[in-house]
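Spelled out, the chains give:
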Amino acid sequence: MSVDVTRGGLLVTLAIFGVIIYELRTVLDFIGIELPLIPYMAAVFALAGATVWFITLKGGWRTEPDGDEAA
């Protein structure tokens, strides 16, 4: 099984996920539940590391664009 993902796509996905988690923490802080930032940052970095490890384990990155071939 090969994971067909680009590095840019993965970075954008992780950035969006990190923002969603941070905003969730902000909403919880607004309603009175104060949570520390460090565990959330650690979780986002752990998710990034696990994702990169999984992609490397399953076949690596897609480096060649599909479709356009040289004439």
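First, a word on scope: everything that follows refers to the structure included in this document. All of these numbers come straight from a predicted model, not from anything done at the bench.

1. As for helix α2 (residues 37–57)
Phase 1: Look at α2: 30 Å from first C-alpha to last across 21 residues, which is about the 30 Å you get at 1.5 Å a residue.
Phase 2: Among the residues of α2, Val44, Ala48 and Ile55 are the ones counted as buried. For α2, the buried positions fall inside an angular range of 40 degrees around the axis, keeping them on one side. In α2, those exposed residues whose orientation departs by more than 90 degrees from the buried face are Ile38, Trp53 and Leu57.
Phase 3: In this structure, the buried side of α2 is in contact with α1 (7–30).

2. Some remarks on a nonpolar patch on the surface
Phase 1: Taken together, the side chains of Tyr22, Leu37, Ile38, Met41 and Phe45 define a hydrophobic patch exposed on the protein surface, amounting to about 520 Å² of accessible area.
Phase 2: Locating Met41 in the fold gives a position in helix α2.
Phase 3: Residue classification places Met41 among the partly exposed positions, given a relative accessible area of 38%.

3. Some thoughts on the side chain of Arg25
Phase 1: Here Arg25 shows up in helix α1.
Phase 2: Of the side chains with opposite charge, Asp29 comes closest to the buried, unpaired Arg25, at an N-O distance of 5.6 Å.
Phase 3: Sequence-distant contacts of Arg25, that is, excluding residues within four places in its chain, are made with Leu35, Pro36, Leu37 and Tyr40.

4. Quick look at the packing of α1 against α2
Phase 1: Here α1 crosses α2 at 160 degrees, and the two axes come no closer than 11 Å. As far as their axial angle goes, α2 and α1 are roughly antiparallel. Considering only the axes of α1 and α2, their crossing is right-handed. Where α1 abuts α2, its residues Leu10, Leu14, Phe17, Gly18, Ile21, Tyr22 and Arg25 lie against Leu37, Tyr40, Val44, Leu47, Ala48, Thr51, Val52 and Ile55.

5. A word on the layout of surface pockets
Phase 1: One number sums up the size of the largest pocket: a volume of about 150 Å³.
Phase 2: Forming the walls of the largest pocket are Gly18, Ile21, Tyr22, Leu37, Tyr40, Met41, Val44, Phe45 and Ala48.
Phase 3: Broken down by secondary-structure element, the contributors of at least two residues to the lining of the largest pocket are α1 and α2.
Phase 4: Take the lining of the largest pocket: its biggest share by element is six residues, from α2.
Phase 5: A class-by-class count of the residues in the lining of the largest pocket yields eight nonpolar, one polar and no charged.

The rules behind the values
- Residues numbered from 1 in each chain as written.
- Predicted model: local features only at pLDDT ≥ 70, side-chain atom pairs only at ≥ 80, totals over all residues.
- Heavy atoms only, no water.
- Helix = DSSP H or I, 4+ residues; strand = E, 2+ residues; numbered from the N terminus.
- Expected span 1.5 Å × (residues − 1).
- Buried < 20%, exposed > 50% of the residue type's maximum accessible area, 1.4 Å probe, protein only.
- Arc of directions from axis to C-beta.
- Contact = heavy atoms within 4.5 Å.
- Patch = residues over 30% accessible without salt bridge, like charges linked within 9 Å, V, L, I, M, F, W, Y side chains within 5 Å.
- Areas by Shrake-Rupley, 256 points an atom, 1.4 Å probe, with all protein chains shown as cover.
- Salt bridge = Lys/Arg side-chain N within 4 Å of Asp/Glu carboxyl O.
- Lys, Arg positive; Asp, Glu negative; His and termini not counted.
- Axes fitted to C-alpha atoms, helices over the stretch in contact; angles between N-to-C directions.
- Parallel < 35°, antiparallel > 145°, perpendicular 65-115°, else oblique.
- Left-handed = near helix turned anticlockwise from the far one by under 90°.
- 1 Å grid on protein atoms, 1.4 Å probe; cavity = no way out; pocket = protein on both sides within 12 Å on 5 of 7 lines; lining within 4 Å.
- Points joined across faces, edges and corners; volume = space filled by probe spheres on them.
- Nonpolar A, V, L, I, M, F, W, Y, C, P; charged D, E, K, R; others polar.

By themselves, these are just geometric observations and shouldn't be taken as functional.
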